[in-house]
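Observations on chain architecture
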Amino acid sequence: KETKIPVLSFGKTDLTAESIIPKPLETESTNQGFSLDKHTTISISEKTDDLIGLVGFLSEKIKSKTNLDISLADPEIFQKGTIIYIEKTNDLELKGEEAYELNINQDSLILSSSHASGLFRGLQTVRQIIPEKSNDTITTYKTWPIPTGKIKDKPQFEYRGFMLDVSRHFFSVEDVKKHIDLLAYYKYNYLHLHLSDDQGWRIEIKSWPLLTKVGGSTEVGGGSSGFYTQEDYVDIVNYAAKHHITIIPEIDMPGHTNAASVSYPKLNGNGKTPELYTGTRVGMSTLDTRKDEVYTFIDDVVKEISAITPGPYFHIGGDESHVTKKVDYNYFVEKVEKIVQQHGKQMIGWDEIATANISSSSISQFWRSKENVLLAVEKNMKIILSPAKKAYLDMKYDKESKYGLTWAGEIPVDTAYIWTPENYEEIPTKNILGIEAPLWSETITNLNELQYLAFPRAIGYAELGWSKRENRDWEDYKKRLANQTAFLNRMNVKYYPSSQIKWQ
Ligand code: TNX
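Please read all numbers here as calculations on a predicted model, not as lab measurements.

By nearness alone, every residue bordering the ligand is listed as V282, D319, E320, W350, W367, Y392, D394, L405, W440 and E442. Class assignment for the residues of the shell around the ligand results in 6 nonpolar, no polar and 4 charged.

Cis geometry is found at the peptide bond from I21 to P22, where omega equals -5°. Note on placement: P22 falls in the segment before β1 (26-37). For the bond running from F455 to P456, omega is 15°, close enough to zero to count as cis. You can see P456 is positioned in the loop between α12 (447-454) and α13 (457-466). Even without being glycine, N492 reaches a positive phi, approximately 60°.

Turning our eyes to something else, we now look at α12. Within the sequence span of α12, burial applies to L450, Q451, Y452, L453 and A454. Against β14 (432-439) and α13 lie the buried residues of α12.

Attention now moves to the domain arrangement of the protein chain. Along its sequence, the protein chain is carved into domain 1 (15-153) and domain 2 (159-490). Averaged C-alpha coordinates put domain 1 and domain 2 at centres separated by 34 Å. Each partner contributes to the interface: domain 1 provides 13 residues, whereas domain 2 provides 19 residues. The biggest single contributor to the side of domain 1 that touches domain 2 is helix α2 (residues 116-129), with 5 residues. For the side of domain 1 that touches domain 2, a count of residues per class yields 5 nonpolar, 4 polar and 4 charged.

In this numbering, the UniProt entry assigns the feature "domain: Beta-hexosaminidase bacterial type N-terminal" (unreviewed entry) to residues 19-153. This span, residues 19-153, is 24% helix and 33% strand, and a straight line between its end C-alpha atoms measures 15 Å.

Further remarks concern the nonpolar core. Of all hydrophobic cores here, the largest spans 132 residues; its most connected members are I86, L183, L191, I383, I384, L439 and A458. Each of two domains, domain 1 (15-153) and domain 2 (159-490), supplies a minimum of three residues to this core. Look past the residues within four positions of L183 in its chain and what remains in contact with it is F162, Y188, L191 and I245.

Moving on, we come to the pairing of strand β3 (residues 83-88). A regular strand carries its side chains on alternate faces of the sheet. Note: strand β2 (residues 41-44) against β3, 4 bridges, orientation parallel. Bridged to T41 within β3 is I83. You can see the chain leave β2, run along helix α1 (residues 49-66) and come back into β3, and the turn it takes is left-handed. In this sheet, strand β5 (residues 108-113) lies alongside β3 in parallel orientation, the contact comprising 6 bridges. For I86, the partnering residue across the bridge sits in β5 and is L111.

Here is what the cut-offs are and how they apply
- Residues numbered from 1 in each chain as written.
- Predicted model: local features only at pLDDT ≥ 70, side-chain atom pairs only at ≥ 80, totals over all residues.
- Near = placed C-beta within 6 Å.
- Nonpolar A, V, L, I, M, F, W, Y, C, P; charged D, E, K, R; others polar.
- Helix = DSSP H or I, 4+ residues; strand = E, 2+ residues; numbered from the N terminus.
- Buried ≥ 20, exposed ≤ 12 C-beta atoms within 10 Å, placed from the backbone.
- Contact = placed C-beta atoms within 7 Å.
- Domains from an automatic or database assignment.
- UniProt positions renumbered as here; feature names shortened; annotations may be inferred.
- Core = buried A, V, L, I, M, F, W, Y, C linked by C-beta atoms within 7 Å.
- Pairing = 2+ DSSP bridges.
- Right-handed = clockwise from strand over helix to strand, strands pointing away.

Structure follows, in structure tokens:
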């Protein structure tokens, strides 16, 4: 008859001292150790694809961190070692799809949530508390001791987004997937792709093939570029979905449309003959807002993209339409809102859209104008916070920064973290859907450069979106951030080694 392996005894541990980012809502320590080792197995409460997928995800991540092979146990077979139990249950104190609980004992680590998305967020916490290095002295085999205790956690905002501009410079499907891996680790749940701009159109539209053939042929600085076929896009959408991240497509209009107008000059509304553009100025282009054909075009584009976008949102841009007359702009936004709704999506736009007569179900993304945002609040719209002077990842960190712009100021790591989304600029917190950090790509051309601007600041935005105000503190965050080095290095992330952080 088989017997249980006796629990290992570790020195006093402290779960509350772990460098978890974002900081969980509540953490309690019981000061012992759960041994993750070659005898550990995983069990699940139900054999659904969801949960089996989560086990696959966890096993793969444990393997890459510890080289342990830990897989799903057959409940019929006696488990002699420690057990990781992943459980779907409605019996939790915290409510919400992303809420989860972790109960870590000496012989079991139990992760519970009512939804797969909550379990997925909880798995990120589990990954973060597995030690980087094994303990090789306590027993004859390697063990990775995890501090025991209890975590109860849920996000403060339902929307925690990252925006990537793939128009000014194009990023491959592989690059985007690598980026999704990192976003998932810090519990982001939306990735907004800025798919079109003056310099490039980056998504295949089957009924308007010149958009990518002509409009997708170059990028800032010239040279060949690229675009996503619809299959590529679906590949990204599916990969993101496995990481419980929803893709939001953006087609920026009526301004920022030079690439579309070069492809189909009949769409153009600025009175000039459009040519490919590889510079970085903004505000020169517009669609012809008074032409029926333009709305046929938009209907086709929104229809094709919506059909391959499972998420609820379609972003219409709407920023910096400096050569569109105000009345034409408002007329345009109102018509496009209807088109988006007809294709079953909710409209998001940059803060300018609130000057139009649009519905409370549309969402305004605050980047610059408090006046516009308060207009949106009056319309009872929800707001996504991306204030440029705090949340723009394309701003330089400081004088030493190799990449980035400075029009909204320099944003060092502390400035990016030390601000309060709650009630930001007098926006009622109930109107705030969440926060998003946009990364415009005028000055970056490859994944290393993308990572240089995104990390470490994007880690701080993840915490601002997830963790409550009383759980956020720069001095405490700084130490937890410094402890991300091992993970970032293992993932080969070329982060900016800001001197504000004592990197471990
Ligand atoms: C403003 S932010 C823009 C973008 C630029 C960015 C550069 C916004 C809605 N529009 O077109 O890329 O500044 O920081």
